[in-house]
Amino acid sequence: MGVLVDSQKEGFGSSWGGLKNLVRRKQVDCAHTKRLDNPQLAKELTIPHLVAVGVGSTIGAGVYILVGAVAREHSGPALSMCFLIAGIAAALSAFCYAELASRCPSAGSAYHYSYICVGEGVAWLVGWALILEYTIGGSAVARGISPNLALLFGGENSLPTFLARQHFPGLDVMVDPCAAALVLIVTGFLCLGIKESALAQGIVTAVNVFAMLFVIIAGGYLGFKTGWTGYEVPTGYFPFGVDGMLAGSATVFFSYIGFDTVASTAEEVKNPKRDLPLGIALSLSICCCLYMLVSIVIVGLVPYYAMDPDTPISSAFASNGMQWAAYIITVGAVTALISTLMGSILPQPRILMAMARDGLLPSFFLDVNRHTQVPVNSTLATGIVASILAFFMDVSQLAGMVSVGTLLAFTMVAVSVLILRYVPPDEVPLPLSLQESIDSYKLRHNSDAQMINGENPAKSPGDPCLPLLGEKNVAVDCTVVEKLEALSSFTAGTLDEENRRKIASWTIMLICVGAFMLTFAASNLWFSSLIRFTLCGAGGLLLLSGLVILTCIDQDDERHNFGHAGGFICPFVPLLPISCILINVYLLINLEVATWVRVSVWLMIGVLIYTFYGRRHSSLLNAIYVPKAHVDEIYRSSGAML
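Residues numbered from 1 in each chain as written. Predicted model: local features only at pLDDT ≥ 70, side-chain atom pairs only at ≥ 80, totals over all residues. Heavy atoms only, no water.

Looking at an unreviewed UniProt entry, one finds the protein chain named Cationic amino acid transporter C-terminal domain-containing protein, with Gossypium darwinii as its source organism. The UniProt entry for the protein chain carries this comment under Sequence similarities (unreviewed entry): "Belongs to the amino acid-polyamine-organocation (APC) superfamily. Cationic amino acid transporter (CAT) (TC 2.A.3.3) family." A UniProt comment under Subcellular location (unreviewed entry) is attached to the protein chain, and it reads "Membrane". (UniProt positions renumbered as here; feature names shortened; annotations may be inferred.)

Now the structure itself:
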């Protein structure tokens, strides 16, 4: 915007109220917003640290079990294709994360991006859902460690008494001291510092990767020795057809969840524009390669229909005379669970801190230790809650709730990329303390505008006009004409730009509606054929139309200056983000009804907290929105530039 106007639309006026609070957006972190009293995290992480965090958070013990269940029920020998397709689908979200993480390298991950691009209401729901994801996910992982750890001591009940699970018949509760202790130990490591915790996770992850490499190398040797009997089945490579393979891909997709942990550490990365995209890409690539190689080997050792769904890898080696390999595989499973536990607890304190920075949560979560530069209060609160849940509750039934937070975050990150490219925020919230500077700057700017229109703001209406007799100031006259022509041209250009932004905004919204209609109708078989085909056709038409419109119109020029310019650029926009939205919405729609009921209760609690606390304490409560083009000048005039 080139002129300052005194209207709420253009940003000068009272703060937004009512429902408009839900769509108010915060500013990308810059030199203006980094105050001395705003605690910052230590910039210690490099690419190796990020790869350790990403791989450790992604590869869990599920791969040691998942290969058997998916091969038996969905894919058959085509298991590696399932992991490849799921990896490609996860890469769509990874591309979107990479661009936003490099442009907006601050704590909070998807919550932070949603707050900048979409609005406060959606950002709160994303952050609240991520809190649920990491809490339940960490507790579920911790509960799975003790049974695997017991196998190393000789059996299910071989742990020492003070660590073994105990059942209380009267309360019908199975407590797990080992799980609670492990959560507290991991929490202690995370309080030491981000570099130390990343190093610890790297060591544990290395042990897990070596175990998987053992499976690949030893299994490959057995496969060549036995002739790969698993591939010599009469049903062929696709016994369940392409549909079965795609269903298996949807199942193993969740084994790639975890690379977003890398984005949550963005504020602690030394060179975020370079290291964050590389860290995300390398983590996902390594995980995909390991998954595919393990699946290729295992389905070749044993026919898919003969696999043990509970211990597929151990039983495959045992059937070939390598019973001792079960110990190595168990070590891999234990270390995988421990690294996943660290990856589950690591992001949540940073999300809590980011929400507290924005005033949506109490300032208790904002405290950063001066020595370790870690959000200690948030980390301790996360660890204590997770350890209590792991001690008292069997949260395996709640594990499906983890997927909601992840898929919701993936969806909003893809939407944020579309907004960044086509309708980036053109207004910036400034604190109420700058009201005097804003008024002064607006007065000067309006005076300049009056000068362009041939008016003299310093002269009262009653003052006589004293022209220069017999002279004509050609230079001044030409300058006024040129300014009027420039102003007219600018006004016309602004009108066209406003229309483009309106079209892009409506198109992005209709794309989201179309993705929901298409996936909802395709997933609900209880609809009549007419209704299903109608909704699918309408949703598909909205998606296709949105893709065509966004492809034809220009992207916003301000996208080049958004955030930390010069970082990773997501390719194939708008096709890639739209595909990401479609895939994630489809997976959300296909979650169980019981999962959605539980998540709805959690989200309603979040709505109440936001209504009675977050909305009233938001840092944007009294913010003044001004056109982005004038922010630097206003800060300079106020002397607030750091």
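This is not the end of the story, as more comes after the structure.
Trainee: Before we go on, may I ask you to explain the environment of Val385 in this structure?
Mentor: Take Val385: it is sitting in helix H14 (residues 376-392). Counting along the chain gives 250 residues from Val385 to Thr135, while the straight-line C-alpha distance between them is 7.6 Å. (Helix = DSSP H or I, 4+ residues; strand = E, 2+ residues; numbered from the N terminus.)

Trainee: Explanation requested: the nonpolar core in the structure shown.
Mentor: Soluble globular proteins tend to bury their nonpolar side chains together. One finds Tyr64, Tyr97, Ile298, Ile313, Phe317 and Leu341 to be the most contacted residues of the largest nonpolar core, which totals 156 residues. Residues contacting Tyr64, with those up to four places away along its chain left out, are Asn208, Ala211, Met212, Pro312, Ile313, Ile329, Gly332, Ala333 and Ala336. Residues Val428, Leu434, Tyr441 and Val631 belong to the second largest nonpolar core, which totals ten residues. (Core = buried A, V, L, I, M, F, W, Y, C linked by side-chain atoms within 4.5 Å. Buried < 20%, exposed > 50% of the residue type's maximum accessible area, 1.4 Å probe, protein only. Contact = heavy atoms within 4.5 Å.)

Trainee: I keep staring at the pattern of salt bridges and nothing clicks. Help me out?
Mentor: Close approach of charged atoms lets side chains of opposite charge pair. In total, this model carries 13 salt bridges according to the counting rule given. Put simply, Arg357 and Glu267 hold a salt bridge, and the shortest N to O gap is 2.7 Å. One end of the pair, Arg357, is in helix H13 (residues 347-357); the other, Glu267, is in the loop between helix H9 (260-264) and helix H10 (272-301), with 90 residues separating them in the sequence. Pair check on accessibility: Arg357 and Glu267 agree, each one buried. (Salt bridge = Lys/Arg side-chain N within 4 Å of Asp/Glu carboxyl O.)

Trainee: When you look at the side chain of Arg500 in this model, what are you seeing that I'm missing?
Mentor: Within the fold, Arg500 resides in helix H17 (residues 474-523). A polar contact is formed between the side chain of Arg500 and the side chain of Glu497, at a distance of 2.9 Å. Once residues within four sequence positions are removed from consideration, Arg500 is found in contact with Tyr422, Ile553, Asp554, Gln555 and Asp556. (Polar contact = N/O pair within 3.5 Å; in protein donor to acceptor, adjacent residues only side chain to side chain.)

Trainee: For this particular structure, what's the right way to read the layout of surface pockets?
Mentor: By rolling a water-sized probe across the atoms, one finds the places where empty space is left. Taken as a whole, the second largest pocket spans an internal volume of roughly 1,700 Å³. Lining the second largest pocket are 49 residues, and of these Thr251, Phe254, Ser255, Ile257 and Ser403 sit closest to its centre. Here the element with the most residues in the lining of the second largest pocket is helix H5 (residues 120-152); it accounts for seven residues. Per-class residue counts for the lining of the second largest pocket are 25 nonpolar, 18 polar and six charged. (1 Å grid on protein atoms, 1.4 Å probe; cavity = no way out; pocket = protein on both sides within 12 Å on 5 of 7 lines; lining within 4 Å. Points joined across faces, edges and corners; volume = space filled by probe spheres on them. Nonpolar A, V, L, I, M, F, W, Y, C, P; charged D, E, K, R; others polar.)

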